[in-house]
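Structure at a glance
Listed below are the residues making up each chain.
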Amino acid sequence: MAEAGKKPRQFRAEVRKVLHILTNSLYTNREIFLRELISNASDALDKLRFRINRGESPSLPDLPLEIRITIDKDAKTLTIADTGLGMTAEDLAENLGTIAKSGSEQFLADIAAENAAKAKSGNGRAHEDDAEGEEAVADAANIIGRFGIGFYSVFMVANKVTVTSRPAFGEDRSAHTWTSDGLGTYTVTPSEDAEPARGTVIKAWLKDDAEEFLEKFRVESAIRKHSAFVPFPVFVDGEQANTQPALWREPKFSITKEQYAEFYKALTYDNADPLDELHFSVDAPVQFNALFFIPASAQDFFGSDRDFWGLDLYARRVLIQHRNKELIPEYLAFLKGVVDTEDLPLNISRETLQENVVLRKINQVIVKQTLSHLDKLAHNDAEKYNDFWRLHGKIFKLGYHDFANRERVTALLRFNSSTQADAEALTSLDDYMSRAPEGQKTFWYVAAPNREAARLNPHMERFRQKGIEVLYLFEPIDEFVMDGLGRYKEWEFKSVEAAADDALKDFADKEEAARESAAPLSDEDSTSFEDLMAKMKELLGDKVTDVRISHRLADSPAVLVSPDGGMSSSMEKLLKVMQKDDSLPVKVLEVNRDHPLLRSMLRMFKADRDDKTLAEMTQGVFDASLLLDGYLKDPQALAARTNKLLEEAAAWYTEVRKI
């Protein structure tokens, strides 16, 4: 037994080394000492409440269960008092005189041993005892401290600490004071002070470089950040600092939309109400409570907000880590909220997680619950889901990386398409499949900066003619998503640029051509057209790999296509930007031999193979195709060439019309 006395005693460890580590290296943020002391006070109150619930009578039973913090700027002291279980002289020496000796840990062990003994005794009160045991475990689970060293974080900011405590139970309810400067010794002496009437008072004399904690706003700020949801009121100089309830621990059927909105605003400092909320509790494989919100505004996760995501991780209502990124995958980065677990294994610092297995299990459950919630939202409230997609779809698309949940993520993707009225309309892949003609097994897509550019893409012409719906991809990431997904429900994803000549041969025409079909070329003209394409290849030189007849064009004179098996123009362009390559791609120029422009060029070629205007037109056709591909580097040359051709065309027109 420890004896109370004024004789200094040595800590039962290599304290000078250990305390140096604890106070200088273990915690990266000095305000953590407030969290630890408040957590210890909360533990003491929980222990007292637990024993009261078991029918035991403490001293001063009407004393409120609370934590009070007082600041004395003149004396440079910070005092934290609780009305909890309190400690005897022996407890003070045992718990505070031994590094890594945790009263809470021992308390939990005692409860477990007692429950095991009851279960084994079989004294005829099995049902009653079981219920009592379950209640005991549930109440005791609120006790935070398990490693017995959080208290020593106070020496980060204090050069002297006294702990005066009066036990709530037992025959000897006298108060004793533990005193130490954290340098290797401590004393335990009887206290003549009237306070505390019950519980514990910790007084810290702050160091000169810790005087910020003598400011009330600074203390309140730390409490709101780390200890806002402890289950007992925390007062700072008489004003309660933790007024927001831990809403995630309340039954969701009892919470109103207004309460959710108020909590969300307090949590995120957002002025607007959330778009939606997700609230659930899980008992297996890991026990935790979660409350998430989907904001009604978007974040730039690919830019300035790249690191501003993650969930707040709590252990029994005490903040462990802000913006924890292990709890959710990046594609759910839009979620804001909290996770509070009973099963979190910690190392000696609550700031560092000992192992990630629990977090991985929580992550898996969160992903499953969130995808289920979004699926229900998509089916029950399509308009709200479309709002969610417009706000957060850009980051959610990254879910194509999640192989385990790829099918569910793919079903939740949304796109604009060629059959819809405007750029705001959205379709799912399942809806696309339901509208497709019989025999279609491909999701066709085209990448473009906007809807009009997608509609005018020359590769779209035969799809329009066949009435085949095409998905419009407006974001750079979209093609990576398509390539990453590969297939969905046995349908493959393919760019319209990669469509083979016979890809749509089995589908009947649904739309008449914009212009009347040109008369077939004679055998002689067909041969001349081959020669014309050879001449165009000669004129363009190494700018193209070949010039050939197109089977994909209906209304446009020409188009650039990647060599067989090549990537789409938008994907190629994106990769060139990433590689800082500004060279022009060398592609195949496909020409529409039924187009009036090419027929006119054929007549010019037959009249004079070296016609200078023919050469200008060939370059103009190439430039126009390059422009549609988004690669034109020399607009000045294009403008000069166009003006020259317009000048000649105007002169011919006035001559023919005799104007």
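In case you missed it, the structure is sitting above this.
Assigned secondary structure in the protein consists of 19 helices and 22 strands. Considering the protein as a whole, with its 659 residues, one finds that 48% of them fall into the buried category. Considering only contacts within the protein whose residues lie at least 6 apart along the sequence, 72% involve residues at least 24 apart.

Here we take up the sheet that holds strand 16 (residues 442-447). As summarised here, the arrangement of the five strands in space is 15-17-16-19-18, forming an open sheet in which the pairing is mixed. Of all the strands in the sheet, the pair left with one neighbour each is strand 15 (416-417) and strand 18 (487-488). Alignment of strand 15 against strand 17 (residues 471-473), held across two bridges, turns out to be antiparallel. Bridge assignment links Asn416 to a residue of strand 17, and that residue is Tyr472.

Our next topic: the sheet that holds strand 11 (residues 288-294). In sheet architecture, strand pairing relies on hydrogen bonds along the backbone and comes in two forms, parallel and antiparallel. Taken in spatial order, the five strands make up an open sheet running 10-11-14-12-13, and their pairing is mixed. Edge positions in the sheet fall to strand 10 (276-282) and strand 13 (318-324), since each of these pairs with one other strand and no more. Averaged over all adjacent pairs, the angle separating strand axes in this sheet is 15°, with direction ignored. Two elements, strand 11 and strand 14 (residues 336-341), share six bridges in a ladder whose sense is antiparallel.

Moving on to unusual backbone geometry. For residues other than glycine, phi is negative in most cases, and the peptide bonds are mostly trans. Here the bond from Glu195 into Pro196 is cis, since omega is 0°, no more than 30 degrees from zero. A cis amide bond, omega 5°, links Ala284 with the succeeding residue Pro285. For Pro285, the position within the fold is in the loop between strand 10 and strand 11. One non-glycine residue, Arg316, lies in positive phi territory at about 55°. By the element assignment, Arg316 lies in the loop between strand 12 (311-315) and strand 13. Despite not being glycine, Glu490 shows a phi value in the positive range, around 70°. With respect to the helices and strands, the residue Glu490 is situated in the loop between strand 18 and strand 19 (491-495).

Tallied over the full model, the rule gives 26 aromatic pairs. Taking 5.1 Å as the distance between ring centres and 45° as the angle between the ring planes, the aromatic pair formed by Trp248 and Tyr314 counts as tilted. On the criterion of sequence distance, the pair formed by Trp248 in the loop between strand 9 (239-240) and helix 7 (257-268) and Tyr314 in strand 12 is long-range, its members being 66 residues apart. Residues Trp248 and Tyr314 agree in their burial class; the two are buried. With a centroid separation of 5.0 Å and an interplanar angle of 40°, the aromatic rings of Phe443 and Trp491 are classed as tilted. Residue Phe443 is found in strand 16, and its partner Trp491 is found in strand 19; the two are separated by 48 residues along the sequence. As far as the burial class goes, Phe443 and Trp491 line up, both buried.

This part covers the environment of Glu572. On the secondary structure map, Glu572 appears in helix 16 (residues 569-578). Put simply, Glu572 and Ser562 are 10 residues apart on the chain and 9.5 Å apart in space, counted from C-alpha to C-alpha. Ignoring anything within four residues of it in the chain, the contact list for Glu572 reads Met567, Pro585, Lys587 and Tyr631.

One pass over the structure, following the stated rule, counts 39 salt bridges. Here Glu342 makes a salt bridge to Arg249, at a shortest N to O gap of 2.7 Å. In this pair, Glu342 is assigned in the loop between strand 14 and helix 8 (357-380) and Arg249 in the loop between strand 9 and helix 7, connecting sequence segments 93 residues apart. What makes Arg249 partly exposed here is its relative accessible area of 23%. Measuring nitrogen to oxygen at the nearest pair gives 2.7 Å for the salt bridge that ties Glu452 to Arg455. In this pair, Glu452 and Arg455 are both assigned in helix 12 (residues 451-456), three residues apart and thus about one turn of the helix distant. Overall, Arg455 belongs to the partly exposed group, its relative accessible area being 38%. What emerges from the salt-bridge pattern is a single network uniting Glu31, Glu212, Arg218 and Lys225.

Attention shifts here to the packing of helix 2 (residues 32-53) against helix 6 (residues 216-226). Here helix 2 crosses helix 6 at 65°, and the two axes come no closer than 9 Å. As far as their axial angle goes, helix 6 and helix 2 are roughly perpendicular. Once helix 2 is placed against helix 6, the crossing between them reads as right-handed. Listed contacts from helix 6 to Ile32, Leu34, Arg35 and Ile38 of helix 2 are Val219, Ala222, Ile223 and His226.

Basis of the calculations
Positions within a chain are numbered from 1, following the residues in the order the chain's sequence is written. Given that this is a predicted model, residues contribute local features only at a pLDDT of at least 70 and side-chain atom pairs are listed and counted only at 80 or more, while totals for whole chains, interfaces and linings are drawn from all residues. Each side-chain value is worked out from all heavy atoms of the structure, with water and hydrogens disregarded. Numbering of helices and strands runs from the N terminus, with a helix taken as a DSSP run of H or I at least four residues long and a strand as a DSSP run of E at least two residues long. Only protein chains enter the accessibility calculation, which uses a 1.4 Å probe. A residue is then buried if its area is under 20% of the maximum for its type, exposed if over 50%, and partly exposed in between. Contacts are assigned to residue pairs with any non-hydrogen atoms lying within 4.5 Å of each other. Pairing between strands requires that DSSP locate at least two bridges from one strand to the other. Between N-to-C directions, angles span 0 to 180 degrees; the directions come from axes that are lines fitted to C-alpha atoms, helices contributing only their stretch in contact. Each aromatic pair joins two rings of Phe, Tyr and Trp (for Trp, the six-membered one) with centres within 6.5 Å, and gets the label stacked for planes under 30 degrees apart, edge-to-face for over 60, and tilted for any other angle. One speaks of a salt bridge when a side-chain nitrogen belonging to Lys or Arg is within 4 Å of a carboxyl oxygen belonging to Asp or Glu. In this scheme, roughly parallel covers angles under 35 degrees and roughly antiparallel covers those over 145, while 65 to 115 is roughly perpendicular and the rest are oblique. The crossing is said to be left-handed when, going from far helix to near helix, the turn is anticlockwise and less than a right angle, and right-handed when the turn is clockwise.

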